[in-house]
Amino acid sequence: GDSVTQTEGLVTLTKGLPVMLNCTYQTTYSPFLFWYVQHLNEAPKLLLKSSTDNKRTEHQGFYATLHKSSSSFHLQKSSVQLSDSALYFCALSDHDSNNRIFFGDGTQLVVKP
Amino acid sequence: EAAVTQSPRNKVAVTGGKVTLSCNQTNNHNNMYWYRQDTGHGLRLIHYSYGAGSTEKGDIPDGYKASRPSQENFSLILELATPSQTSVYFCASGSGTEDTQYFGPGTRLLVL
């Protein structure tokens, strides 16, 4: 069945440094990949999404490229800010998933001054 | 922007009591979802719906029922609440596989 793996539970960085949050997925169908961000005591909201192989998608300084060959959709930013501290979820759907999304366990990003 | 609201925002219930969590969306989305989120954990799908009158089991349906009486409303019902159901519950709506899910603000439930 479909699944999403986020290998890091917690990432701690100093402001201004680059970050990459890992996401790999498993599906036998053509995938749609999402990154959701959840700030403390708020609801998750979409950060970016893609279904196009090898095309970079960007939003609010974050970017990700779907690589179907390696089943990956890593989230990156070149210079993190204090306001980027949040919980980040990678998620997957496909046309066989009955309109549901499969979420990874999330990666907590903590940015220090 | 899509709008999803939930009520109540906070709830304290007693063990064995009945709890109903309500969700309303004004996006005219066909699909609605109920998730729970526990500290240190991700989002786990409880029930979802394709439209009025339909409900489907998610990954952790035991102890929960769902009701979709209309396009706009989707309820989560705990007939006999237990302390293990203490959590934050999120409702979401969406229009399809490749489309964004829009989340409500969440309901904090404490079962004593």
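Structure first, text after, so check above.
For the structure given in this document, a descriptive report is provided here.

Scoring rules and cut-offs
- Residues numbered from 1 in each chain as written.
- Chains lettered and ligands numbered in written order.
- Predicted model: local features only at pLDDT ≥ 70, side-chain atom pairs only at ≥ 80, totals over all residues.
- Heavy atoms only, no water.
- Contact = heavy atoms within 4.5 Å.
- Buried area = accessible area lost by both parts, 1.4 Å probe.
- Salt bridge = Lys/Arg side-chain N within 4 Å of Asp/Glu carboxyl O.
- Polar contact = N/O pair within 3.5 Å; in protein donor to acceptor, adjacent residues only side chain to side chain.
- Helix = DSSP H or I, 4+ residues; strand = E, 2+ residues; numbered from the N terminus.
- Nonpolar A, V, L, I, M, F, W, Y, C, P; charged D, E, K, R; others polar.
- Buried < 20%, exposed > 50% of the residue type's maximum accessible area, 1.4 Å probe, protein only.
- Phe/Tyr/Trp six-rings, centres within 6.5 Å; stacked < 30°, edge-to-face > 60°.
- Lys NZ or Arg CZ within 6 Å of the ring centre and 35° of its normal.

**Quick notes on the interface of chain A and chain B**
Then, number 1: Each side of the interface is counted separately: chain A has 22 residues, and chain B has 22 residues.
Then, number 2: Together, the buried faces of chain A and chain B total about 1,800 Å²; carbon and sulfur atoms form 51% of this surface.
Then, number 3: Ranking the residues of chain A by area buried against chain B places Asn99, Arg100 and Phe103 of chain A at the top, with a combined share of 33%.
Then, number 4: On inspection of chain A and its partner chain B, the count reaches 1 salt bridge.
Then, number 5: In this structure, Arg100 of chain A engages Asp59 of chain B in a salt bridge whose closest nitrogen and oxygen atoms are separated by 2.7 Å.
Then, number 6: Counting every contact that joins chain A to chain B gives 4 residue pairs in polar contact (both at pLDDT 80 or more).
Then, number 7: Going through the elements one at a time, β5 (31–38), β6 (45–50) and β10 (86–94) of chain A are the ones with two or more residues in the side of chain A that touches chain B.
Then, number 8: Residue classes in the side of chain A that touches chain B are distributed as 10 nonpolar, 7 polar and 5 charged.

**Points about the pattern of salt bridges**
Pairing between side chains of opposite charge can happen when their charged atoms approach one another.
Residue and element names in this part refer to chain A.
Then, number 1: For the structure shown, the criterion picks out 6 salt bridges over all chains.
Then, number 2: A salt bridge links Arg56 to Glu58, with the shortest nitrogen-to-oxygen separation between them at 3.0 Å.
Then, number 3: Classification of Arg56 by relative accessible area gives partly exposed; the value is 45%.
Then, number 4: We classify Glu58 as exposed; its relative accessible area is 53%.

**Observations regarding the packing of aromatic side chains**
All names here are of chain A.
Then, number 1: Under the counting rule described, the total for this entry stands at 14 aromatic pairs over all chains.
Then, number 2: Taking 6.1 Å as the distance between ring centres and 35 degrees as the angle between the ring planes, the aromatic pair formed by Phe34 and Tyr36 counts as tilted. Accessibility classification places Phe34 together with Tyr36 in one group, the buried group.
Then, number 3: Taken together, a centroid distance of 6.1 Å and an interplanar angle of 85 degrees make the contact between Phe89 and Phe103 edge-to-face. Taken together, the residues span a long stretch of sequence, with Phe89 in strand β10 and Phe103 in strand β11 (residues 102–103) at a distance of 14 residues. Of the two residues, Phe89 and Phe103, neither departs from the other in class, the shared state being buried.
Then, number 4: Sitting above the plane of the Tyr63 ring, Arg56 keeps its charged end 3.7 Å from the centroid.

Just geometry here; none of it tells us what the structure is for.
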